[in-house]
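# Structure assessment
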Amino acid sequence: MKKVTYLDHSGFAVSTPAAIMVFDYYKDPDKKLEKVLRENEEVPVLFFVTHHHADHFNTSIFELAQNRKRVYILSNDIFSKLVPKTGIEVAWMSAGDIIEQIPGVKRVEACGSTDAGVSYAITLPDDTLLFHAGDLNDWHWSEESDEREVAKAENRFNTIVDRIAEKYPVMDIVMFPVDARMGKDFAKGAQIFLEKIDVRNFFPMHFWGEPQKACDFAGYIPQSSKAACHCLDRPGMSAEVE
């Protein structure tokens, strides 16, 4: 059993028997990460950061879990001057990089993004596949962009997702943006992703002040998809999945 806890924005803590994985820690207003760490004292803590944007990367992560085995998996676009030079273990990744020596997981691949940094595909010891999209999305605003801009954004997004789908046609846990700022297009990127990849558990994120979008998205899941949409629309909420 895996437990997915929503921290805020695009931040999650995923607890497994072999590791605690913390993704894009930005803030944790409900202090749930502390509880997750207390509940799982024997396993290593892995901090994943997809890119340098302030709503995905908070340097306070280097002060967390100091009494534990911890590893930081960081996108190469993060300034090294912001990372402590001693006392922590760091793995830097660019799109296409693969690491197989991180405790608690079987394999980590950094995949592409349509914005800064990377997305992460993580294979667990039991072959469960986790995916955190970071800022990978079909970023366009059709109400403001012209047809050429929309087509260019969609082509770039589809190219990256097709490459991911070729390697990982089935995913067990996916965390993906449904950005309310995109207006009527808020669900489009996630819909395309679910049409191309067989996702079992889908966790919306990146709501930007409109958490109801997390629940609304359940009504936008493509008919071809069997994904269960987990509505964690408030910091501190969690869900258990197999």
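We now turn to the structure provided with this report. (Residues numbered from 1 in each chain as written. Predicted model: local features only at pLDDT ≥ 70, side-chain atom pairs only at ≥ 80, totals over all residues. Heavy atoms only, no water.)

### Observations concerning the overall build of the chain
Across its full length, the chain carries four helices and 14 strands. Relative to a compact globule of 242 residues, whose C-alpha radius of gyration would be 18 Å, the chain shows 17 Å and is just as compact. In terms of overall dimensions, the chain has a C-alpha envelope of 50 × 35 × 35 Å along the principal axes. In the chain, which comprises 242 residues, the share counted as buried stands at 55%. (Helix = DSSP H or I, 4+ residues; strand = E, 2+ residues; numbered from the N terminus. Rg over C-alpha atoms; globule rule 2.2 N^0.38 Å. Buried < 20%, exposed > 50% of the residue type's maximum accessible area, 1.4 Å probe, protein only.)

### Side note on the nonpolar core
Among the nonpolar cores identified, the biggest contains 60 residues, and Met21, Ile122, Phe131 and Met171 are the most heavily contacted of them. In terms of nonpolar packing, the next biggest core, distinct from the first, is built from 21 residues, Val36, Val49, Ile61 and Val83 among them. (Core = buried A, V, L, I, M, F, W, Y, C linked by side-chain atoms within 4.5 Å.)

### Things to note about the state of the cysteines
Using the criterion set out here, one finds one disulfide in the structure. Between the sulfur atoms of cysteine 215 and its disulfide partner cysteine 231 the distance amounts to 1.9 Å. Measuring the twist about the S-S bond at about -45°, one finds the cysteine 215-cysteine 231 disulfide to be left-handed. Of this pair, cysteine 215 sits in helix H4 (residues 212–216) while cysteine 231 sits in the loop between strand E13 (228–229) and strand E14 (238–241), and the two are 16 residues apart along the sequence. The exposure class of cysteine 231 is partly exposed, given its relative accessible area of 26%. Just so you know, cysteine 229 is unpaired, no disulfide at all, and the nearest cysteine sulfur is the one on cysteine 231, 7.0 Å from it. (Disulfide = S-S within 2.5 Å.)

### Considering the side chain of serine 113
Summarising the element assignment, serine 113 is placed in the loop between strand E8 (107–111) and strand E9 (119–123). A distance of 3.1 Å separates the side chain of serine 113 from the backbone nitrogen of aspartate 115, its partner in a polar contact. Within the structure, the side chain of serine 113 is placed 3.5 Å from the backbone oxygen of alanine 116, a separation counted as a polar contact. Dropping the residues within four chain positions of it, serine 113 is found in contact with Val118, Asp135, Leu136, Arg156 and Ile160. (Polar contact = N/O pair within 3.5 Å; in protein donor to acceptor, adjacent residues only side chain to side chain. Contact = heavy atoms within 4.5 Å.)

### Quick notes on the pairing of strand E5 (residues 70–75)
Burial within E5 is extensive, with six of its six residues counted as buried. The alternating pattern of E5 places Arg70, Tyr72 and Leu74 on one face and Val71, Ile73 and Ser75 on the opposite face, and all of these are buried. Alignment of strand E4 (residues 45–49) against E5, held across five bridges, turns out to be parallel. Across the sheet, the residue bridging to leucine 46 is valine 71, located in E5. As paired elements, E5 and strand E6 (residues 89–93) share five bridges and run parallel to each other. Looking at E6, one finds that serine 75 is bridged to methionine 93. (Pairing = 2+ DSSP bridges.)

### Considerations on the packing of helix H2 (residues 147–167) against helix H3 (residues 188–196)
Two elements in contact, H2 and H3, have axes separated by 10 Å at closest approach and are oriented at 35°. Read as a crossing pair, H2 and H3 show a hand that is right-handed. Residues Glu154, Phe157, Asn158, Val161, Asp162 and Ala165 of H2 form the contact with H3, whose participating residues are Lys188, Gly189, Ile192, Phe193 and Lys196. Its residues assigned to classes, the contact of H2 with H3 comprises five nonpolar, two polar and four charged. (Axes fitted to C-alpha atoms, helices over the stretch in contact; angles between N-to-C directions. Left-handed = near helix turned anticlockwise from the far one by under 90°. Nonpolar A, V, L, I, M, F, W, Y, C, P; charged D, E, K, R; others polar.)

### Concerning the sheet that holds strand E10 (residues 129–132)
Taken together, seven strands build an open sheet; the order of strands is E7-E8-E9-E10-E11-E12-E13 and the sheet is mixed. The open sheet has two free edges, formed respectively by strand E7 (98–99) and E13, since each of these has just one partner strand. Pairing analysis gives five bridges linking E8 to E9, with the strands arranged antiparallel. Among the inter-strand pairings, arginine 107 is bridged to a residue of E9, identified as threonine 123. Relative to strand E11 (residues 170–177), H3 is tilted by about 170°, and along the sheet it contacts E10, E11 and strand E12 (198–205).

### Considerations on unusual backbone geometry
If a residue is not glycine, its phi is most likely negative; likewise, a peptide bond is most likely trans. Backbone geometry at lysine 31 places phi at a positive 55°, although glycine is not the residue there. For aspartate 127, which is not glycine, the phi dihedral falls at a positive 75°.

### Observations concerning the pairing of E4
In terms of burial, E4 is a largely internal element, five of the five residues being buried. Because side chains alternate across E4, one face comprises the buried residues Val45, Phe47 and Val49, and the other comprises Leu46 and Phe48, equally buried. Where strand E3 (residues 20–23) meets E4, four bridges bridge the pair, whose relative direction is parallel. In the sheet register, valine 22 faces E4, and the bridge partner there is phenylalanine 47.

That is the geometry; function is a separate question.
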